[in-house]
Amino acid sequence: MKQDKPHTNTPSGFKVPKGYFEGLEDEILNTVKLKKKVNDSGFKAPEHYFDSLEDIILDNVSEKSPTKVIPLFRKGPLIYASAVAAAVILLFNLSIFKSEPTFDTLDFETLESYVLNENIGSYDIATLLSEDDLIDENFIEYQTEDHTLEDYILDHLDVEDIIIE
């Protein structure tokens with residue numbers, strides 16, 4: 001049976017520089033001797049420095065005057081621009097440029113759908129008419145023949161509309 005090479009013998013990728021272990025012992029001993037000789041870091045804080053530090057900092061901060069804040073957008077030009085925009089919109093919305101609708105421009109389908117959808121009754125229409133509109137002279141009697149009336153009913157009305165429940 002053939003033995004396979006173990007897969008754990010791959011190199012780790014770490015290398016030690018040449019001569020690293022030759023001077024390592026001397027370096028460690030020198031560092032230990034130096035630390036024994038020097039107990040102080042060389043820096044000293046004055047006496048009672050940390051007792052009064054907070055008061056000193058608060059005094060320095062409170063003595064400063066507030067900084068002046070300059071806004072990015074000034075109110076004056078913004079108000080003028082919005083006033084001009086409102087004036088232009090108002091100019092276009094004035095009734096000078098609008099034409100009033102007349103009965104000649106009104107289509108029959110629009111009027112019919114309005115009357116049907118708004119549930120306008122005969123009493124509502126009668127309140128809109130004045131006494132001058134209701135004079136007998138305004139109503140002309142038309143003489144229609146039976147076949148003309150019958151043709152109109154057949155062409156324009158459904159049987160369901162005629163049936164009364």
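Structure first, text after, so check above.
Read on for an overview of the structure. (Residues numbered from 1 in each chain as written. Predicted model: local features only at pLDDT ≥ 70, side-chain atom pairs only at ≥ 80, totals over all residues. Heavy atoms only, no water.)

## A few points about the packing of aromatic side chains
Within the structure shown, the criterion is met by two aromatic pairs. Considering the side-chain rings of Tyr20 and Phe21, the 5.1 Å spacing of their centres and the 80° angle between planes classify their relative orientation as edge-to-face. With a relative accessible area of 43%, Tyr20 lands in the partly exposed category. With a centroid separation of 5.2 Å and an interplanar angle of 80°, the aromatic rings of Tyr49 and Phe50 are classed as edge-to-face. Residue Phe50 is classed as exposed on the basis of its relative accessible area, which comes to 62%. (Phe/Tyr/Trp six-rings, centres within 6.5 Å; stacked < 30°, edge-to-face > 60°. Buried < 20%, exposed > 50% of the residue type's maximum accessible area, 1.4 Å probe, protein only.)

## Considering unusual backbone geometry
One non-glycine residue, His48, adopts positive backbone phi at about 55°. Within the element layout of this structure, His48 appears in the loop between helix H1 (24–37) and helix H2 (49–63). Classification of His48 as exposed rests on a relative accessible area of 59%. The backbone of Asn119 sits at a positive phi, close to 55°, despite the residue not being glycine. With respect to the helices and strands, Asn119 occurs in the loop between helix H4 (108–117) and helix H5 (122–128). (Helix = DSSP H or I, 4+ residues; strand = E, 2+ residues; numbered from the N terminus.)

## Looking at H1
Taking 1.5 Å per residue as the helical rise, H1 with its 14 residues ought to reach 20 Å, and the 20 Å between its terminal C-alpha atoms agrees with that figure. Here H1 lies mainly on the outside; zero of its 14 residues are buried. (Expected span 1.5 Å × (residues − 1).)

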